[in-house]
Amino acid sequence: MQDSSQNKIRAQVEIYTTSTCPYCVRAKSLLARKGATYTEIYVGFDSEALQRMIERAYGQRSVPQIFINDQHMGGFDEINELNRRGELDALLATPPRQPSGDSAA
Ligand SMILES: N[C@@H](CCC(=O)N[C@@H](CS)C(=O)NCC(=O)O)C(=O)O
């Protein structure tokens, strides 16, 4: 039987990571369990990407930093808490922006 929640994944998810980061592994694992696809941006050896992450994350420097539809979520603890509260699925089901001219239900 297919997990119906996986059919609803529509959000654009970005995750800033380093390769030696247990919280990044946990965050990616949670997103994968949810059926989300994500863009991973490694900041370990990329100072420009790191600066961009810090700007987008309002000064936070820890990894991971996670964005759903360009909205800053925080790190693993934050998305894990969203999931515990039952709010993550809805965020992941939200497309990045309203499609123009194609709102067929
Ligand atoms: N509460 C954060 C913890 C993240 C964390 O501690 N990340 C480590 C790497 S796994 C880190 O970036 N440490 C360096 C720092 O905090 O500046 C989360 O859930 O994402």
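Residues numbered from 1 in each chain as written. Predicted model: local features only at pLDDT ≥ 70, side-chain atom pairs only at ≥ 80, totals over all residues.

Caption draft 1: Up close: the site of the ligand. Around the ligand, the structure places Cys21, Pro22, Tyr23, Arg61, Ser62, Val63, Pro64, Gly75, Phe76 and Asp77. Those elements that provide at least two residues to the shell around the ligand are α1 (22–33) and α3 (76–84). A breakdown of the residues in the shell around the ligand according to their chemical character gives six nonpolar, two polar and two charged. (Near = placed C-beta within 6 Å. Helix = DSSP H or I, 4+ residues; strand = E, 2+ residues; numbered from the N terminus. Nonpolar A, V, L, I, M, F, W, Y, C, P; charged D, E, K, R; others polar.)

Caption draft 2: Representation of the pairing of strand β4 (residues 71–74) in the model. With three bridges joining them, strand β3 (residues 65–68) and β4 adopt antiparallel strand pairing. Residue pairing across strands places Ile68 opposite Gln71, the latter belonging to β4. Hairpin connection from β3 to β4: two residues lie between these consecutive antiparallel strands, with Asn69 at a positive phi of about 50 degrees. (Pairing = 2+ DSSP bridges.)

Caption draft 3: View of the sheet that holds strand β1 (residues 13–17). An order of β2-β1-β3-β4 is seen for the four strands of this open sheet, with the pairing classed as mixed. Looking along the sheet, the strands with just one partner apiece sit at the ends: β2 (38–42) and β4. Across this sheet, the average inter-strand angle for adjacent strands is 25 degrees, counted without regard to direction. (Axes fitted to C-alpha atoms, helices over the stretch in contact; angles between N-to-C directions.)

Caption draft 4: Layout of the pairing of β3. Covered by surrounding structure in β3 are Gln65 and Phe67 together with Ile66 and Ile68, the residues of both alternating faces. Sheet topology note: the β1/β3 ladder contains four bridges and is antiparallel. Each bridged residue has a counterpart across the sheet, and for Val13 the counterpart in β3 is Ile68. (Buried ≥ 20, exposed ≤ 12 C-beta atoms within 10 Å, placed from the backbone.)

Caption draft 5: A look at the nonpolar core. Val13, Ile15, Ala27, Ala36, Ile66, Ile68 and Ile79 are the most contacted members of the largest nonpolar core, which has 22 residues in total. Secondary structure elements with two or more residues in this core: β1, α1, β3, α3 and α4 (88–92). For Val13, the contacting residues outside a window of four places in its chain are Leu31, Ala36, Thr37, Tyr38 and Ile68. (Core = buried A, V, L, I, M, F, W, Y, C linked by C-beta atoms within 7 Å. Contact = placed C-beta atoms within 7 Å.)

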